[in-house]
Amino acid sequence: MNLTSIDDLTPSLFQEIISLSDRFIEVSSRPIPKVPVLRGKTLATVFYENSTRTRLSFEAAAKRLSCDTLTFNLTTSSTSKGESLQDTIQTLDAMGIDFLVIRHPLAGVARLASGWTNASVINAGDGCDEHPTQALIDCITLIQISNQLSDYDPDCQGSDWPYLKNLHIGIVGDIVHSRVARSNVRAFTRLGAKVTLVGPPTLLPSDASSWPVDITYDLDEVISQFDVVYALRFQKERIVQSLIPSLDEYIRYWGISSDRLDAMKPHCKIMHPGPINRGVELSSQAADCEKSVILRQVNNSVPVRMAVLAALSGVYVHDD
Ligand code: ASP
């Protein structure tokens, strides 16, 4: 079973990952945070783009489940001798791997890779397309803090599906280049949240009008309505042409500054997938204030990825 998109998750698998995450949060709090759930299995991380959080948290998740790990290093691998992606994946497959966690600058690569291996393929970010495990981390973080969000309907908690009903989430910034935004829109709306996209017209996807979201360019008009402001990184490495007049103007209109912190609802939370461009999409004050749950997102990344690995492998999780 693969996880290339949030849409790969059936309602029951989504539900299972949510409940397994709770279990692995408890495991992660133990003095020895390790269980033998995936003993004898092997996970390979194959990253063609840089990463701190995603790669390390997948490797930590695998180790806590007693799963062996293989780390493909782009610069020291045979890719530098011209080896193709297909040959690289088929080589790993021939060694015998159970999970392939792949990140690549091209959209659709995770799905393509699943045709070249029998391992479970997990999309750790394919270009501007999707990043489904980040979305799961964000959903679980929101479910945990939803009782602090005054508009949240407590009757929904524990029900099968609309965990985030009554939350209004503003996703702000460079949406067109964000795989996190694409996965999060799918995930948040499946869990019942209302989502508004906010950014400059040139950084909104041309097909966004067909997404189940509201769209606005004016952050100051809507910021006071949000229960959650989800700030996105301004993705300098993907911005190939001049899409905004200047960085200063971008910061002035779409950056989360201290003035905008004051305009937010008192209970409003700030999220970001990392890495942060401090002083661009978030001021340091916004990144570090009590509204920020950014480190909580990181804290959840290992147990949620443990849950993904356990759920995809279909193993029964024993009490131990
Ligand atoms: N770490 C996330 C990603 O890989 C977000 C970002 O880089 O802006 O998509």
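Just so we're clear, the structure is a prediction, and the values are computed from it rather than from any experiment.

(A) Examining the packing of aromatic side chains more closely. In the structure shown here, the tally under the stated rule is five aromatic pairs. Through successive ring pairs, a cluster of aromatic residues spans Phe234, Tyr250, Tyr253 and Trp254.

(B) Representation of the side chain of Glu130 in the model. Mapped onto the elements of the fold, Glu130 is located in the loop between strand E4 (120-126) and helix H5 (132-145). Judged by relative accessible area, Glu130 falls into the buried class, the value being 2%. Polar contacts involving the side chain of Glu130 include one to the main-chain amide nitrogen of Ile6, which spans 3.1 Å. Polar side-chain contacts of Glu130 include one of 2.5 Å to the side chain of Ser183. Setting aside chain neighbours within four positions, we find Glu130 in contact with Thr4, Ser5, Ile6, Asn123, Gly125, Arg179, Ser183 and Arg186.

(C) Region of the structure containing the pattern of salt bridges. Applying the stated criterion across every chain, the model contains 11 salt bridges. The closest approach of N and O atoms between Asp7 and Arg186, which form a salt bridge, is 3.0 Å. On the criterion of sequence distance, the pair formed by Asp7 in the segment before helix H1 (11-28) and Arg186 in helix H6 (residues 179-190) is long-range, its members being 179 residues apart. Overall, the relative accessible area of 49% leaves Asp7 in the partly exposed class. Overall, the relative accessible area of 29% leaves Arg186 in the partly exposed class. Taking the shortest distance from any N to any O, the salt bridge between Asp214 and Lys194 comes out at 2.7 Å. Here Lys194 lies in strand E6 (residues 194-198) and Asp214 lies in strand E7 (residues 214-216), a separation of 20 residues in the sequence. Salt bridges linked by common partners bring Asp7, Glu130 and Arg186 together as one network.

(D) Quick look at the packing of helix H2 (residues 53-64) against helix H11 (residues 294-313). Where H2 meets H11, the axes come as close as 8 Å, and the angle between the chain directions of the two elements is 55 degrees. Judged on the interaxial angle alone, H11 and H2 are oblique. In the crossing of H2 with H11, the sense of the turn from one axis to the other is right-handed. On H11, the residues that touch Arg53, Thr54, Ser57, Phe58, Ala60, Ala61, Ala62 and Arg64 of H2 are Val298, Ser301, Val302, Arg305, Met306 and Leu309.

(E) Quick peek at the state of the cysteines. Summed over all chains, the structure comprises zero disulfides. We note that Cys289 lacks a disulfide partner, and the nearest cysteine sulfur, in Cys268, lies 9.3 Å from it.

(F) Spatial organisation of the sheet that holds strand E2 (residues 68-72). Here four strands make up an open sheet; going across it, the order is E2-E1-E3-E4 and the pairing parallel. Of all the strands in the sheet, the pair left with one neighbour each is E2 and E4. Across the sheet, the axes of successive neighbouring strands diverge by a mean angle of 15 degrees, strand direction being ignored. Here strand E1 (residues 42-47) pairs with strand E3 (residues 99-104) via five bridges, running parallel. When the sheet's bridge partners are listed, Ala44 is paired in E3 with Leu100. Here helix H3 (residues 85-95) sits on the sheet and contacts E1, E2 and E3; the angle it forms with E3, its principal contact strand, is near 160 degrees. Of the strands in this sheet, E1, E3 and E4 touch H11, which is tilted by about 145 degrees from E4.

What counts, and at which threshold
Residues numbered from 1 in each chain as written. Predicted model: local features only at pLDDT ≥ 70, side-chain atom pairs only at ≥ 80, totals over all residues. Heavy atoms only, no water. Phe/Tyr/Trp six-rings, centres within 6.5 Å; stacked < 30°, edge-to-face > 60°. Helix = DSSP H or I, 4+ residues; strand = E, 2+ residues; numbered from the N terminus. Buried < 20%, exposed > 50% of the residue type's maximum accessible area, 1.4 Å probe, protein only. Polar contact = N/O pair within 3.5 Å; in protein donor to acceptor, adjacent residues only side chain to side chain. Contact = heavy atoms within 4.5 Å. Salt bridge = Lys/Arg side-chain N within 4 Å of Asp/Glu carboxyl O. Axes fitted to C-alpha atoms, helices over the stretch in contact; angles between N-to-C directions. Parallel < 35°, antiparallel > 145°, perpendicular 65-115°, else oblique. Left-handed = near helix turned anticlockwise from the far one by under 90°. Disulfide = S-S within 2.5 Å. Pairing = 2+ DSSP bridges.

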